[in-house]
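# Inside the fold
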Amino acid sequence: MDLHDLLVSRIRDVPDWPKAGVVFKDISPLLADHDAFTALVDAFAGQCGEARVDKVAGIEARGFILAAPVAYRAGAGFVPVRKQGKLPRATFAESYDLEYGSATLEVHQDAFAPGDRVLVIDDVLATGGTVAATVELVRRSGADVVGVSVLMELGFLGAAAKLAGRYPDLPIRSFLTI
Ligand SMILES: O=P(O)(O)OC[C@H]1O[C@H](OP(=O)(O)OP(=O)(O)O)[C@H](O)[C@@H]1O
Ligand SMILES: Nc1ncnc2[nH]cnc12
């Protein structure tokens, strides 16, 4: 089975969760399958190519699970981008809307050094609000986002085109468009 089919086979739809009308993409079976999980982590790390990455930023909570092993594999540090109120030191904060609500993300002000090359990783690109907030947080630190990589994009929400308009020089990659 190729990577695409393997990943698709390990993601399940949960209708009407967390609220009516949303089809939730549950990656639990993928994470529980050693072959699928390691193939995905290796593929994320492979997207860096020869380019140097200093930090991999993972977005709470499912982004943490994917980004931390990618950081290890890519020889980079890991930075958690957290939901509001979880980080103990001074933070930058950005509020955003998502498919089923709104939220605020934070990052420690000293998490990135100016000029750090940062790869942002998450599981799902839906409306794009989460990714846009994260790009803003990294930039406020004086660091450079060199790419955004997600496992899957919910194509019907059109986030990739919106983000490409807002960040024309930023590569935004997904393994699956659903
Ligand atoms: O593109 P958007 O519309 O912004 O949505 C995408 C975000 O939504 C989900 O996270 P969620 O906030 O549900 O958090 P979780 O990982 O803690 O479940 C998902 O993991 C992405 O981070
Ligand atoms: N439909 C969905 N499934 C899983 N995560 C999501 N984040 C935003 N929309 C989502």
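First, a word on scope: everything that follows refers to the structure included in this document. (Residues numbered from 1 in each chain as written. Chains lettered and ligands numbered in written order. Predicted model: local features only at pLDDT ≥ 70, side-chain atom pairs only at ≥ 80, totals over all residues. Heavy atoms only, no water.)

### Concerning the packing of helix α3 (residues 34–46) against helix α4 (residues 62–74)
Each pair of packed helices gets described by two things: the angle between the helix axes and the distance between those axes. Between α3 and α4, the shortest axis-to-axis distance is 9 Å and the interhelical angle comes to 60°. One way to sum up the angle between α3 and α4 is to call them oblique. The way α3 lies across α4 gives a crossing that is right-handed. Across the interface between the two elements, F37, L40, V41, D42, F44 and A45 of α3 pack against I65, L66, P69, V70 and R73 of α4. (Axes fitted to C-alpha atoms, helices over the stretch in contact; angles between N-to-C directions. Helix = DSSP H or I, 4+ residues; strand = E, 2+ residues; numbered from the N terminus. Parallel < 35°, antiparallel > 145°, perpendicular 65-115°, else oblique. Left-handed = near helix turned anticlockwise from the far one by under 90°. Contact = heavy atoms within 4.5 Å.)

### Thoughts on the side chain of T134
Looking at where T134 falls in the secondary structure, it is placed in helix α5 (residues 129–140). A residue is classified by how much of its surface remains accessible, and T134, at 0% relative accessible area, is buried. Engagement of the side chain of T134 in a polar contact is seen with the backbone oxygen of T130, the distance being 2.9 Å. Contacts of T134, omitting those with residues within four sequence positions, involve I59, V81, L105 and V120. (Buried < 20%, exposed > 50% of the residue type's maximum accessible area, 1.4 Å probe, protein only. Polar contact = N/O pair within 3.5 Å; in protein donor to acceptor, adjacent residues only side chain to side chain.)

These results come straight from atomic positions and should not be treated as a statement about function.
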